[in-house]
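# Chain and residue survey
Chain by chain, the residues run as shown.
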Amino acid sequence: MNSAEGPFRLIVTGGGTGGHTYPALTAVRTLQARLAATGRTVDVLWVGAAHGLEARVAPAEGIAFAAVATGKVRRSSNPLKMISPANLADMFRVPLGVAQARSIVARFRPDVVLSTGGYVAVPVGLAAKLCRRPLVVHEQTVRLGLANRLLARAARRIAVSSESTVPLLPESARAIATVTGNPVRPEVLRGRPDRAVAALGIAGFDGLRPTVYVTGGAQGSQQINGLVTDILPWLLSQANVVHQCGPANVEDMRRRAAELPGDLAARYLLTGYVGAELPDVLALADVVVSRSGAGTIAELTALGKAAVLVPLASSAAGEQTHNARHLAEAGAAVALLAEVSPDALREAVAPLLADPGRRAAIATRARSHGRPDAADRLVDILLSVAPR
């Protein structure tokens, strides 16, 4: 390819949550870097929901954004409960969204449309099919999301994060599926422990003890915060701890931490949010205690980290529990699947802190599930289906 070909035109759709949004953003950045090396630019239009996370992320990243109407299906184990006023109202928004998306796709004339899931992806993916533009669907989770399940038959290619996802696809779509993994931001793979020590001012940490990173995601997790607080004196007697508790929880957690003896407090860093220093914190961590969303799993396995996973029970279709069980059964993580209590967390963490060999074995198995080149594999697919 060369600059004479003109810009590569890409529509991205997907969002609502970080799990759909950030893999798409990583794929866009990887595509831009790949084509820049050949002298070619990329014109990107992100089509999403007006109030979704993508509506904030895309403009902040300098990506043009267009909104379409979308409807959300509120699922229930009781089919009768799905016939709710909210579901019925949203069903009527889907045709409007398809009409809006078709107009956008027809005007923009993308070389490829990339869908990473979420309800907004349905009208845009259907519009790609109606306008005869190649649609590539990427599924981040081990199980298949509802939006991508609906779009699988309209796709030119399907990218999945795990081999175990392929049998869940419609039979007619399995032949066009490729296991790429879930794109991980390149900077996450370039962390350095020494920079974490400097950036966070954690000179009081004991270099002879392992370091535990506790995180509940950007907003924190009150469940994980409570579990860790109840075992904190014991945990700090065994390890250094970096605890990302969520901005709204910092003051309460600081009051609790103030009761720690001085020698233990020196090994405890409490923070509301870990931003640009996250790659370095992950590089420093010997053990990670976290949720088990698709993005988190992709990062932990790409890095090869020993982790204790505390799945969010209310995640869509039990996705986090499924992710955690999938790794635990492979010996690539420890998961709290039955009893979720301070004692259960202590019993899960203790052997990892006491036995570096056990820690290393889990980390090695986790790395075998990781795909640090997932973004490049996904870009390969995007380029392969584009008109030549």
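In this report, the structure presented in the accompanying data block is examined. (Residues numbered from 1 in each chain as written. Predicted model: local features only at pLDDT ≥ 70, side-chain atom pairs only at ≥ 80, totals over all residues. Heavy atoms only, no water.)

Looking now at the packing of helix 15 (residues 342–354) against helix 16 (residues 356–368). Remark: helix 15 packs on helix 16, axes separated minimally by 5 Å, with the N-to-C direction vectors making an angle of 105°. What the angle tells us is that helix 15 and helix 16 run roughly perpendicular. Here P351, L352, L353 and A354 of helix 15 lie close against helix 16, whose contacting residues are P356, R358, R359 and I362. Residue composition of the contact of helix 15 with helix 16, by class: six nonpolar, no polar and two charged. (Axes fitted to C-alpha atoms, helices over the stretch in contact; angles between N-to-C directions. Helix = DSSP H or I, 4+ residues; strand = E, 2+ residues; numbered from the N terminus. Parallel < 35°, antiparallel > 145°, perpendicular 65-115°, else oblique. Contact = heavy atoms within 4.5 Å. Nonpolar A, V, L, I, M, F, W, Y, C, P; charged D, E, K, R; others polar.)

With that settled, consider the sheet that holds strand 6 (residues 157–160). In space, the seven strands of this open sheet follow the order 3-2-1-4-5-6-7, with parallel pairing throughout. What marks the edges here is a single partner per strand, and that holds for strand 3 (64–67) and strand 7 (177–179). On average, each strand axis in the sheet is tilted by 25° relative to the strand beside it, whichever way the strands run. Note: strand 1 (residues 8–13) against strand 2 (residues 42–48), six bridges, orientation parallel. Looking at strand 2, one finds that L10 is bridged to V44. Across the sheet, helix 1 (residues 18–36) touches strand 1, strand 2 and strand 4 (112–115), and the angle it forms with strand 2 is around 170°. (Pairing = 2+ DSSP bridges.)

What follows is about the sheet that holds strand 10 (residues 268–271). Taking strand neighbours across the sheet as the criterion, the six strands line up as 10-9-8-11-12-13 in an open arrangement whose pairing is parallel. With one partner strand each, in any of the chains shown, strand 10 and strand 13 (334–335) form the two edges of the open sheet. Sheet topology note: the strand 9 (residues 240–244)/strand 10 ladder contains four bridges and is parallel. Paired with V241 across the two strands is Y268, which belongs to strand 10. On top of the sheet, helix 10 (residues 250–257) reaches strand 9 and strand 10; it is set at about 160° to strand 10, its chief contact.

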